[in-house]
Every structure is written in C-alpha cells, then in structure tokens.
Amino acid sequence: NSGSIVLNNEKIVDSNILDYKKHLGYMPEYLNLYPELILEDLLYFLYNIKNLNHNNVEYLLDVLNLNSYRRMKIKMLSKGTKQRLNLAQSLLGNPKIVIFDEPSNGFDCLSIEIFYKLLNELTNLGSIVILTSHHLKEIYGKVDVLSFLSKGVITKVLNYKDVFLDKV
C-alpha cells in the first residue's frame, strides 16, 4: 500500500512512469484477453500501444509454437495456447524487468521447457526476472535466489544452492 520504486537511481513517479512501462513485462496467472481479436493482431496491437523499440512478435510466435494459431480468434484457443499467448504478450519488446505470476499454470511439459529457455535468454540479455511459484521443485536450479513470503512479508532469502529439496 505504500513505498517507492527506484530503477537506475531514478525514482519512478507518475510523471515518468510511461517511460518505464515499455521496459516492463508482466504475465499474470490468468489473463482475460479480448476474445474476438485474432491472436496475431492482439500481439501487434499490444506492441504498438506500448510504443516498443524492439519488434520480436514473429520470434515469439515461432518459439512459442503459436504460428498455426496466429489467425484464430482468442476465444477459440485452448487454455494452454492462451497461456502461451499470455507469455508472449509479457515478452514483447524484450522487457528489462519481467514479472511472472505462477507462469507454468496451464502449461504442458514442452511449454514449461520453452518457458525456462526464454527465461534464461532474458537473464542473459540482462533482464531482471521476478517469478512467483508454489512449485519449488519445478524452479529449483532455474533461479538464482529464492525469497519466501508469508502474509506479504519476506521471511527468508536463500541462494538456490542452499535449498535441499529432500528437506522441503
């Protein structure tokens, strides 16, 4: 309910927030998208509305196996395909900060593998990735730091190497 956000030693406030929003990606657990829109049109619409500099729509359609669905209305897509679209929209423009909320929910095994490949690419590009998950075994070895929350408070911060899964 309170606090401030500082990025690169600059406080983010109402007057400069739009400059930073184009560098932010967010994948909610579930995203209600415009059901009547065509998948590809939605991605280009979101790309344009965010006024992004780096167009990676075609790459995302390809790597997330969305090419065969690109001309379909969103309401016709399966849950898993909608989640891949949700992932794609969060990665438009190669954001510098990406927040994932329970990203693997609705993904099949291949989609989870692709997700972590993309996550690795993001971090290699210097992006900050924040990921929430209840699945410690799934994220083990795929993140650098684990922060444990309880009632909105960080209760413990560990390097992933310090977590012994057989004790969890």
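Attention here is on the structure that accompanies the text. (Residues numbered from 1 in each chain as written. Predicted model: local features only at pLDDT ≥ 70, side-chain atom pairs only at ≥ 80, totals over all residues. Heavy atoms only, no water.)

**Brief notes about the overall build of the chain**
Assigned secondary structure in the chain consists of six helices and seven strands. N-terminal to C-terminal, the α/β element order of the chain is β-β-α-β-α-α-α-β-α-β-α-β-β. For 168 residues, the compact-globule formula gives about 15 Å, and the C-alpha radius of gyration of the chain, at 17 Å, lands near that figure. Across the 168 residues in the chain, those meeting the buried criterion constitute 36%. A total accessible area of about 10,700 Å² is found for the chain, and carbon and sulfur atoms account for 53% of it. Separation of charge centres in the chain, based on 19 positive and 18 negative side chains, amounts to 3 Å. (Helix = DSSP H or I, 4+ residues; strand = E, 2+ residues; numbered from the N terminus. Rg over C-alpha atoms; globule rule 2.2 N^0.38 Å. Buried < 20%, exposed > 50% of the residue type's maximum accessible area, 1.4 Å probe, protein only. Areas by Shrake-Rupley, 256 points an atom, 1.4 Å probe, with all protein chains shown as cover. Lys, Arg positive; Asp, Glu negative; His and termini not counted. Charge placed at Lys NZ, Arg CZ, Asp CG, Glu CD.)

**Considering the packing of helix α2 (residues 39-49) against helix α4 (residues 79-90)**
Put simply, α2 and α4 touch, their axes get as near as 10 Å, and they point 20 degrees apart. Taken together, the axis directions place α2 and α4 in an arrangement best described as roughly parallel. Seen along the crossing, α2 lies across α4 with a hand that is right-handed. Of the residues in α4, those touching α2 at L39, L42, L43 and L46 are L85, A88 and Q89. Taken together, the residues that form the contact of α2 with α4 break down as six nonpolar, one polar and no charged. (Axes fitted to C-alpha atoms, helices over the stretch in contact; angles between N-to-C directions. Parallel < 35°, antiparallel > 145°, perpendicular 65-115°, else oblique. Left-handed = near helix turned anticlockwise from the far one by under 90°. Contact = heavy atoms within 4.5 Å. Nonpolar A, V, L, I, M, F, W, Y, C, P; charged D, E, K, R; others polar.)

**Side note on the side chain of E40**
Examined against the element boundaries, E40 turns out to sit in helix α2. When near neighbours in sequence (up to four residues on either side) are disregarded, E40 contacts E58, R70 and R71.

**A closer look at the environment of N55**
Note that N55 resides in the loop between α2 and α3 (57-63). Note on N55: relative accessible area 42%, which makes it partly exposed. Between the C-alpha atoms of N55 and M27, which are 28 residues apart in sequence, the distance is 18 Å. Engagement of the side chain of N55 in a polar contact is seen with the backbone nitrogen of V57, the distance being 3.0 Å. (Polar contact = N/O pair within 3.5 Å; in protein donor to acceptor, adjacent residues only side chain to side chain.)

**Points about the nonpolar core**
Residues L64, L87 and F100 are the most contacted members of the largest nonpolar core, which totals 34 residues. Ranked by residue count, the leading element in this core is helix α5 (residues 109-124), at six residues. (Core = buried A, V, L, I, M, F, W, Y, C linked by side-chain atoms within 4.5 Å.)

**Notes on the pairing of strand β6 (residues 145-150)**
Pairing of β6 with strand β7 (residues 153-159), which is carried by six bridges, proceeds in the antiparallel orientation. Looking across to β7, one finds that L149 is bridged to I154. (Pairing = 2+ DSSP bridges.)

**Quick look at a nonpolar patch on the surface**
Taken together, V145, L149, I154 and V157 make up a surface patch of nonpolar side chains, about 400 Å² in accessible area. Contributions of two or more residues to the nonpolar patch are made by β6 and β7. The residue V157 is located in strand β7 in this model. (Patch = residues over 30% accessible without salt bridge, like charges linked within 9 Å, V, L, I, M, F, W, Y side chains within 5 Å. Salt bridge = Lys/Arg side-chain N within 4 Å of Asp/Glu carboxyl O.)

**Digging into unusual backbone geometry**
For N9, which is not glycine, the phi dihedral falls at a positive 65 degrees. Inspection of the secondary structure puts N9 in the loop between β1 (6-7) and β2 (10-11). What makes N9 exposed here is its relative accessible area of 81%. Of note, the phi angle at N94 is positive, near 50 degrees, even though the residue is not glycine. Checked against the element boundaries, N94 lands in the loop between α4 and β4 (97-101).

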